[in-house]
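# Commentary on secondary and tertiary structure
Listed below are the residues making up each chain.
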Amino acid sequence: MSESTVPTTPADQPVVNETTVSSTREYPAEPVSFMRRGTRLQGRRQDAWDAHADSYVVDVPRVVTDTSVHADYVFDAAATFGRDADLVVEIGSGLGEAIVHMAELRPERNYLAVEVYRPGLASTMARIAQRGLTNVRVVEANAAEVLETMLPDDAMSELWLNFPDPWHKKRHNKRRLVRDSFTPLVARTLRSGGLWRLSTDWSGYAEQMREVLDRTPQFENVHSGERVGADSPLTQARQSGVDREVSDEIDTVGGWAPRFEGRVVTSFENKAHVAGRIIFDLTYRRR
Ligand SMILES: C[S@@+](CC[C@H](N)C(=O)[O-])C[C@H]1O[C@@H](n2cnc3c(N)ncnc32)[C@H](O)[C@@H]1O
């Protein structure tokens, strides 16, 4: 499909059939990081969707599922927001607590919330509308596809991945978003000097994030070598046994970031605090 015929509205969306799929990409190319929970909206969330979807939802053409993104579709942030500004993207924005808070705090930037959980997007839109913000849009889509083809090169000035689904069981680890096949997608879309901020409450995933990003040449740890030994949240998690296994192994690598200013405690993170879990933050810079 040439650029001029890229579908932009549901009516223009490509017909989904086997030919369309095979002419675009194998679907899904990789195990996805989510299990689709309910898409049905009720009550206030349905009202929010009906009232605000036209204003805030980026309506992407699909390929197979309603979280897919047609490979020919490219997001035009300047046209969507009506201005050129730094773009902050949050993957797995949940109820929108963090991104909407920051959008209000730093109105000079544009924000894109990427989420597959439709009720979460409805809540996000209710929050946007309540604050009268014009600098946030939401997209119901698999983040891997958003980064693979929907965003242009160097589109993002900052990327957040807060508390991605941990996929605790070893046999499910391949579903984790932060893995070697994912970092090139971020490297393409995060501009040089841009920050990738990550957080998790699961020590095994925190270690995986650090390992994967440390071996990716396009990224450097902004807090390399910080918080080692007894100061390391990893040492603390191991010694406390909060993640089921007790170990006296000391983390000598460190590299853990402080919580970044303006990152609010979401309802998901609050549950982790109540359960006594340890929070890990990491910040990497695109070289
Ligand atoms: C544990 S929740 C955390 C929500 C939020 N970041 C917070 O800190 O409260 C993880 C979220 O990521 C979303 N998610 C998982 N995989 C995704 C993907 N590939 N694309 C978009 N969203 C995804 C899930 O639907 C879920 O809402």
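These figures come from a predicted structure and were not determined experimentally.

Along strand E5 (residues 190-200), eight of the eleven residues are buried, which leaves the element largely enclosed by surrounding structure. As defined by bridge partners, strand E4 (residues 156-162) adjoins E5 across six bridges and the pair is classed as parallel. When the sheet's bridge partners are listed, Asn162 is paired in E5 with Ser199. For the crossover that starts at E4, traverses helix H7 (residues 183-189) and ends in the parallel E5, the hand is right-handed.

Once that is clear, we can look at the UniProt feature "binding site: substrate" (unreviewed entry) in the protein chain. Residues given the UniProt feature "binding site: substrate" (unreviewed entry) here are Lys169, Asp201, Thr266, Ser267, Phe268 and Glu269. In summary, the annotated positions, distributed over 101 residues, remain apart in three dimensions as well, the widest C-alpha pair reaching 24.5 Å. None of the other annotated residues line the largest pocket; only Asp201, Thr266, Ser267, Phe268 and Glu269 do. Summarising the element assignment, Thr266 is placed in the loop between helix H9 (233-240) and helix H10 (267-274). On the basis of relative accessible area, Thr266 is assigned to the buried category, the value being 15%. Apart from the residues lying within four places of it in its own chain, the contact partners of Thr266 are Glu97 and Ala98.

Here the focus is the site of the ligand. The environment of the ligand is formed by 18 residues, the closest being Ser33, Gly92, Glu115, Asn162 and Thr266. One of the side-chain nitrogen or oxygen atoms of Asn142 is found 2.9 Å away from a nitrogen atom of the ligand. Coverage of the ligand by the protein amounts to 93% of the 600 Å² it exposes when considered alone. A majority-of-atoms criterion places the ligand in the largest pocket. Among the residues forming the shell around the ligand, the class breakdown is eight nonpolar, six polar and four charged.

A few words on the layout of surface pockets. If you add up the space inside the largest pocket, you get close to 960 Å³. What lines the largest pocket is a set of 39 residues, and nearest its centre among them are Arg37, Gly92, Glu115, Phe163 and Asp165. Within the residue set of the lining of the largest pocket, elements represented by two or more residues are strand E1 (87-91), helix H4 (97-105), strand E2 (110-115), E4 and H10. With four residues, the single largest contributor to the lining of the largest pocket is H10. Here the residues of the lining of the largest pocket sort into 19 nonpolar, nine polar and eleven charged.

This next bit is on H9. Residues Pro233, Leu234, Thr235, Ala237 and Arg238 constitute the buried set of H9. Where H9 is buried, its residues meet helix H8 (203-214) and strand E7 (280-286). Capping the start of H9, Ser232 holds a side-chain oxygen 3.0 Å from the backbone nitrogen of Leu234, two or three residues further along. The positive-phi residue at the C-terminal boundary of H9 is Gly241, with phi of around 70°.

Between side chains of opposite charge, a pair can form as their charged atoms come close. For the structure shown, the criterion picks out 22 salt bridges. Across the pair Asp66 and Arg36 runs a salt bridge, and its minimum N-O distance is 2.6 Å. Pair noted here: Asp66 is in the loop between helix H2 (43-56) and helix H3 (77-81) and Arg36 is in the loop between helix H1 (18-24) and H2, with a separation of 30 residues, a long-range link. Of the residues examined, Arg36 reaches a relative accessible area of 29% and is grouped as partly exposed. The shortest N-O distance in the salt bridge between Arg131 and Glu104 comes to 3.3 Å. Separated by 27 residues along the polypeptide, Arg131 in helix H5 (residues 118-131) and Glu104 in helix H4 bring together distant segments of the chain.

Below, the discussion takes up the confidence of the model for the protein chain. Residues of the protein chain with pLDDT of at least 70 account for 91%, and the chain-wide mean is 91. Of all secondary-structure elements in the protein chain, the lowest mean pLDDT belongs to H1, at 38, while E1 reaches the highest, 99. Within the model, pLDDT remains below 50 along residues 1-24, and this stretch shows 33 contacts once partners closer than five positions in the same chain are excluded.

Thresholds, definitions, all that
- Residues numbered from 1 in each chain as written.
- Predicted model: local features only at pLDDT ≥ 70, side-chain atom pairs only at ≥ 80, totals over all residues.
- Heavy atoms only, no water.
- Buried < 20%, exposed > 50% of the residue type's maximum accessible area, 1.4 Å probe, protein only.
- Helix = DSSP H or I, 4+ residues; strand = E, 2+ residues; numbered from the N terminus.
- Pairing = 2+ DSSP bridges.
- Right-handed = clockwise from strand over helix to strand, strands pointing away.
- UniProt positions renumbered as here; feature names shortened; annotations may be inferred.
- 1 Å grid on protein atoms, 1.4 Å probe; cavity = no way out; pocket = protein on both sides within 12 Å on 5 of 7 lines; lining within 4 Å.
- Contact = heavy atoms within 4.5 Å.
- Near = heavy atom within 4 Å.
- Polar contact = N/O pair within 3.5 Å; in protein donor to acceptor, adjacent residues only side chain to side chain.
- Areas by Shrake-Rupley, 256 points an atom, 1.4 Å probe, with all protein chains shown as cover.
- Sits in = over half its atoms within 2 Å of the grid points.
- Nonpolar A, V, L, I, M, F, W, Y, C, P; charged D, E, K, R; others polar.
- Points joined across faces, edges and corners; volume = space filled by probe spheres on them.
- Salt bridge = Lys/Arg side-chain N within 4 Å of Asp/Glu carboxyl O.
- pLDDT = per-residue confidence, 0-100.

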